[in-house]
Amino acid sequence: MAKIIKVKSLTKKFNGFTAVNDISFGVEKGEIFAFLGPNGAGKSTTIKMLTTLLAPTSGKILVNGADPSQDQDAVRRGFGIVFQDPSLDDDLTAMENMELHAVLYSIPVNTRKKRIEDLLKFVDLSDRSKSLVKTFSGGMKRRLEIARGLLHHPKILFLDEPTIGLDPQTRNHMWTYLKDINKKEGMTVFFTTHYMDEAEKNADRIVIIDHGNIVAEGTPNALKKKTKSASLEEAFLHLTGHEIRNEEAGALDALRQRRHVWGGRH
Amino acid sequence: MEQIYILWKRQVVKYFRSRSRIIGSLGQPLLYLIAFGYGFGGVFARAGQGNYIQFLAPGIVAMSILFTAIFAGIEIIWDRQFGFLKETMVAPVSRFSIMLGRTLGGATVATFQGIVVLILSTFVGFRFTTYYHIPLALLFMFIIALLFTALGTAIASMLEDMQGFQLIMNFLVMPIFFLSGSLYPIQGLPKAMEIATKIDPMTYGIDGLRGVLGGAAQFGTGFDLLVLSVITFVFLLIGSYLFSKIQI
Ligand SMILES: Nc1ncnc2c1ncn2[C@@H]1O[C@H](COP(=O)(O)OP(=O)(O)O)[C@@H](O)[C@H]1O
Ligand SMILES: [Mg+2]
């Protein structure tokens, strides 16, 4: 098999703080790949570098044969993404969010409508397509983002903690569908999650990152065997320790608050 | 092209959807028209300057365009914080198209706001002396709107959050407004203030707008248009450069 993502000696520093430290790994074409690690390990930072949002401090990346820091549009055409943080326009309807995406990705006009309808149906939002996204629950927004990420038939789908806030039914439904596209269309899936059972069940291969360094790599079974663990969760704790990490929230919450106080927007 | 259009449309749709915002932002210009218009009208006339409302209305129209346009540009910060900016930044669309679509959308909204204020001003006594010039007035309004949306975009591209917003309002936007001759004639000002006035791009917007709405343009509307166009072009260039440098 050919590698659809190649990462070599990738490093990202923020004002001297090393968030990603000289990591190298690859993802095979058509693979379901889990990128695991505790909070602050450097997962989202790595995904941002793979998806042209952030320039690496050093190192080499190839996504779909193109370099995200050189040939950005070639890379951008090839992937879909569900970000860790919300990325919908709350003041637009579900349909409008989808249409905007369809236009940005130049999906042909004659297939646009059908494709959007099919995907909204898949995420069970057909009857809410004309509702403003700000009236949606967290789970509904997530589902809409997943549908949107698939709209343009990406070769790679990045999912950064996509199942946060989803109930087990939806999560199960989502994975059934993703695995189906993965099989039928050979779409590569690159995902992060804190649910170890989800990774154990769905991932063909796993890379574990901690404090910006890759600490292990292999199939779920290989990782369990290597750490003599009964579950992936146990293996994960064995590899990354029991110490609890703080997630740096705060800034966004504070701003949400302020926007509320300001009011004036709606 | 279609990408520019859809991003333009997004701004416009969002604007018309937020009725309370439209109505809320009409309060201030209306208050200025009434308070300044009636308050200084007598003094202005006694000083031999003519009808103050005729003089003031173009200034207040431009003011509401200025505020709406800067705010439309600054909205990039909201989009950044609330995540939608990422959706556009990973799309296979040139940064320039994204910036242009947004800026044109913001400028359209600001122009519309200016039109509403212009209509409102007729209720407090503003009179059109000629209707031929209305298309020219719209042109001036749109260029003012474009200029300041581009400025807002440029500023917002450099800011991570709204912390600096108050600073920008107090030390950039308010001076742009007050030093532009929107409220008073700019002849015979102290030297330092005259220089500040002539640096302020808004001065030429208001001068031109006043000219085509039947007043006297001190610099000549042709010259005003030229200055505005050049500055708008420069701001668009700076704005799209800074926008293309955004990292998330
Ligand atoms: N823009 C930034 N500026 C400074 N530090 C950052 C920035 N983005 C991420 N970091 C830091 O880099 C580290 C890795 O973050 P991230 O990649 O988001 O972790 P993960 O997604 O694995 O939880 C964290 O310590 C985080 O605080
Ligand atoms: Mg993360």
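Rules of the game
Residues numbered from 1 in each chain as written. Chains lettered and ligands numbered in written order. Predicted model: local features only at pLDDT ≥ 70, side-chain atom pairs only at ≥ 80, totals over all residues. Heavy atoms only, no water. Pairing = 2+ DSSP bridges. Helix = DSSP H or I, 4+ residues; strand = E, 2+ residues; numbered from the N terminus. Axes fitted to C-alpha atoms, helices over the stretch in contact; angles between N-to-C directions. pLDDT = per-residue confidence, 0-100. Salt bridge = Lys/Arg side-chain N within 4 Å of Asp/Glu carboxyl O. Buried < 20%, exposed > 50% of the residue type's maximum accessible area, 1.4 Å probe, protein only.

A.B. asks: Tell me about the sheet that holds strand β5 (residues 79–82) of chain A, residues and numbers included.
C.D. replies: All names here are of chain A. Reading across the sheet, the six strands line up as β5-β6-β7-β3-β8-β9 and stay open at both edges, with mixed pairing between neighbours. Unpaired on one side and paired on the other, β5 and β9 (213–218) mark the two borders of the sheet. Mean inter-strand twist for the sheet, computed between neighbouring axes without regard to direction, equals 15 degrees. Taken together, the three bridges between strand β3 (residues 32–36) and strand β7 (residues 188–192) define a ladder with parallel strand orientation. Each residue of the ladder has a partner; that of Phe 33, found in β7, is Phe 190.

A.B. asks: Kindly report on the confidence of the model for chain B, identifying the contributing residues and their values.
C.D. replies: Of all residues in chain B, 100% have pLDDT values of 70 or greater, and the mean over the chain is 94. Across the whole predicted complex the pTM is 0.91, and at the interface the ipTM reaches 0.91.

A.B. asks: Residues and numbers for the pairing of strand β2 (residues 17–28) of chain A, please.
C.D. replies: Residues and elements named next belong to chain A. Of the strand pairs in this sheet, strand β1 (residues 3–14) and β2 are connected by eight bridges, and their pairing is antiparallel. Along β2, the bridge assignment pairs Lys 3 with Glu 28. The antiparallel hairpin formed by β1 and β2 contains two residues in its connecting segment, where Asn 15 sits at a positive phi of about 45 degrees.

A.B. asks: Now, about the pattern of salt bridges: what can you tell me, with residues and values included?
C.D. replies: Pairing between side chains of opposite charge can happen when the charged atoms of each approach one another. Overall, the coordinates contain 24 salt bridges over all chains when judged by the stated rule. Residue Asp89(A) pairs with Lys14(B) through a salt bridge whose shortest N-O separation is 2.9 Å. Taken as a pair, Asp89(A) in the loop between β5 and α3 (94–104) and Lys14(B) in helix α1 (residues 2–17) lie in two separate chains rather than in one. Residue Asp89(A) is classed as buried on the basis of its relative accessible area of 2%. On the basis of relative accessible area, Lys14(B) is assigned to the buried category, the value being 10%. Of the charged contacts, one joins Asp79(B) and Arg10(B) as a salt bridge, the two residues approaching to 3.1 Å between their closest N and O atoms. Of the two residues, Asp79(B) is situated in helix α3 (residues 52–81) and Arg10(B) in helix α1; the sequence distance between them amounts to 69 residues.

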